[in-house]
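A look at the structure
Here's the letter readout for the chains.
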Amino acid sequence: MALRAGTVTPRCSSNRCSRRSLLLLESDSEQSRGQLLSTLAGAGITARLVLVRRAPGISRFLIEADGLILASPVYFADVTAEMKAIMDRAGYVARSKREMFSRKPGAAVVAVRRAGAMHAFDTMNHFFGISDMLTVGSSYWNIGLGSAKGDVAQDAEGMRTMTRLGENMAWLLGKLA
């Protein structure tokens, strides 16, 4: 299980857009990430992913990013322990720095086999709410269904949802620029 963080930077001709960045934190939700990142790339955003466990100072990434996407598979009806630890640590730091996440857009993405998706989705969205962030949605819940690695790519509705989520995140980052 690898928790990853990635910084994505839009490639736009406009200076307003060129400085926007998006942080993608994930816990092994590779299937949903592929569709989401390809959509963001189509909107002129490129991504570079690094392992959080090996990336010193995850707080720095969180502070510098203009937006966040948190992605996690469902383990025992909730997000992974790694995702929960990042949210708890970042949330605790943010409480002492009131503006740390204020008005940053955030989106939650869940990969699930059968049940627990809404609880995991809510867990990440509650982090956005208590952190004074703007929650970005899609045409349906940001959930992909699958059991084995790669299965989520067969979830056509989930992939359409990720496509729209990427479009909405790119649109909002452009508006906030």
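Residues numbered from 1 in each chain as written. Predicted model: local features only at pLDDT ≥ 70, side-chain atom pairs only at ≥ 80, totals over all residues. Heavy atoms only, no water.

Another aspect to go through is a nonpolar patch on the surface. Side chains of M118, Y140 and W141 sit close together on the surface and give an oily, nonpolar patch of about 320 Å² of accessible area. On the basis of relative accessible area, M118 is assigned to the partly exposed category, the value being 32%. (Patch = residues over 30% accessible without salt bridge, like charges linked within 9 Å, V, L, I, M, F, W, Y side chains within 5 Å. Areas by Shrake-Rupley, 256 points an atom, 1.4 Å probe, with all protein chains shown as cover. Salt bridge = Lys/Arg side-chain N within 4 Å of Asp/Glu carboxyl O. Buried < 20%, exposed > 50% of the residue type's maximum accessible area, 1.4 Å probe, protein only.)

So, about the pairing of strand β4 (residues 67-73). Each regular strand carries side chains that alternate between the two faces of the sheet. Burial within β4 is extensive, with seven of its seven residues counted as buried. The β-α-β motif built from β4, the intervening helix α4 (residues 81-96) and the parallel element strand β5 (residues 105-112) has right-handed crossover chirality. (Helix = DSSP H or I, 4+ residues; strand = E, 2+ residues; numbered from the N terminus. Right-handed = clockwise from strand over helix to strand, strands pointing away.)

Glancing now at the pairing of β5. Taking burial as the measure, the eight residues of β5 include eight buried ones, the bulk of the element. Alternating positions in β5 separate into two faces, P105, A107, V109 and A111 on one and G106, A108, V110 and V112 on the other, with burial throughout. Where β4 meets β5, six bridges bridge the pair, whose relative direction is parallel. Within β5, the position partnered with I69 by the bridge is A107. When β5 meets strand β6 (residues 134-135), the two strands line up parallel, connected through two bridges. Of the residues in β6, the one forming a bridge with P105 is L134. Alignment of β5 against strand β7 (residues 143-145), held across three bridges, turns out to be parallel. Of the residues in β7, the one forming a bridge with V112 is L145. (Pairing = 2+ DSSP bridges.)

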